Amino acid sequence: MKCSSCGKEIETERNWVEFPCPSCGKEKIIRCKRCKRMENAYNCSKCGFTGP
Ligand SMILES: [Zn+2]
Ligand SMILES: [Zn+2]
């Protein structure tokens, strides 16, 4: 599994979040602790939604 923002593998991370895409609700968005803190943008691979 990879962070949806930076693409980093999150298996080695302790703190990360997983939530459904706010737009389509079908894709799981994964964000590592760093991207969450930095509020980096993420991209849904299913519908193309970009957020936070
Ligand atoms: Zn990240
Ligand atoms: Zn989506």
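In what follows, the accompanying structure is described. (Residues numbered from 1 in each chain as written. Chains lettered and ligands numbered in written order. Predicted model: local features only at pLDDT ≥ 70, side-chain atom pairs only at ≥ 80, totals over all residues. Heavy atoms only, no water.)

## Let's talk about the overall build of the protein chain
A count of helical and extended segments in the protein chain gives 1 helix and 4 strands. Put simply, the protein chain runs from its N terminus to its C terminus through helices and strands in the order β-β-α-β-β. Computed over its C-alpha atoms, the radius of gyration of the protein chain comes to 10 Å, within 12% of the 10 Å expected for a compact globule of 52 residues. Principal-axis analysis of the C-alpha atoms gives the protein chain an extent of 25 × 20 × 15 Å. Taking all 52 residues of the protein chain together, 25% fall into the buried category. Pairs at least 24 residues apart make up 28% of the contacts formed inside the protein chain by residues separated by at least 6 positions. Put simply, the protein chain has 11 plus and 6 minus side-chain charges, and the middle of one group is 3 Å from the middle of the other. (Helix = DSSP H or I, 4+ residues; strand = E, 2+ residues; numbered from the N terminus. Rg over C-alpha atoms; globule rule 2.2 N^0.38 Å. Buried < 20%, exposed > 50% of the residue type's maximum accessible area, 1.4 Å probe, protein only. Contact = heavy atoms within 4.5 Å. Lys, Arg positive; Asp, Glu negative; His and termini not counted. Charge placed at Lys NZ, Arg CZ, Asp CG, Glu CD.)

## Notes on the environment of Thr12
Structurally, the position occupied by Thr12 is in the segment before strand 1 (16-20). For Thr12, a relative accessible area of 71% corresponds to the exposed category. When the C-alpha positions of Thr12 and Gly51 are compared, they lie 24 Å apart, and in sequence the two are 39 residues distant.

## Overview of the coordination of the zinc ion (ligand 1)
At this site the zinc ion (ligand 1) is bound by Cys3 (SG), Cys6 (SG), Cys32 (SG) and Cys35 (SG), with donor distances of 2.3 Å. Here the zinc ion (ligand 1) binds 4 donor atoms, and the angle range of 104 to 117° at the metal identifies the geometry as tetrahedral. Among the residues examined, Cys3 registers a relative accessible area of 3% and is labelled buried. The class of Cys6 is partly exposed, set by a relative accessible area of 39%. (Donors = N, O, S within 2.8 Å, 3.2 Å for Na, K, Ca; no water. Tetrahedral: all angles 85-135°; square planar, octahedral: opposite > 155°, others 65-115°.)

## Comments concerning the coordination of the zinc ion (ligand 2)
Around a metal, the ideal angle is 109.5 degrees if four donors adopt a tetrahedral arrangement and 90 or 180 degrees if six donors adopt an octahedral arrangement. Around the zinc ion (ligand 2), the protein supplies Cys21 (SG), Cys24 (SG), Cys44 (SG) and Cys47 (SG) as donor atoms, at distances of 2.3 Å. The site at the zinc ion (ligand 2) holds 4 donor atoms, and with the angles between them running 106 to 114°, its shape is tetrahedral. With relative accessibility at 27%, the residue Cys24 sits in the partly exposed group.

## Let's talk about the pairing of strand 2 (residues 28-32)
Burial of strand 2 is extensive: 4 of the 5 residues sit out of reach of the surface. Note: strand 1 against strand 2, 5 bridges, orientation antiparallel. Following the sheet pairing, Trp16 is matched in strand 2 by Cys32. (Pairing = 2+ DSSP bridges.)

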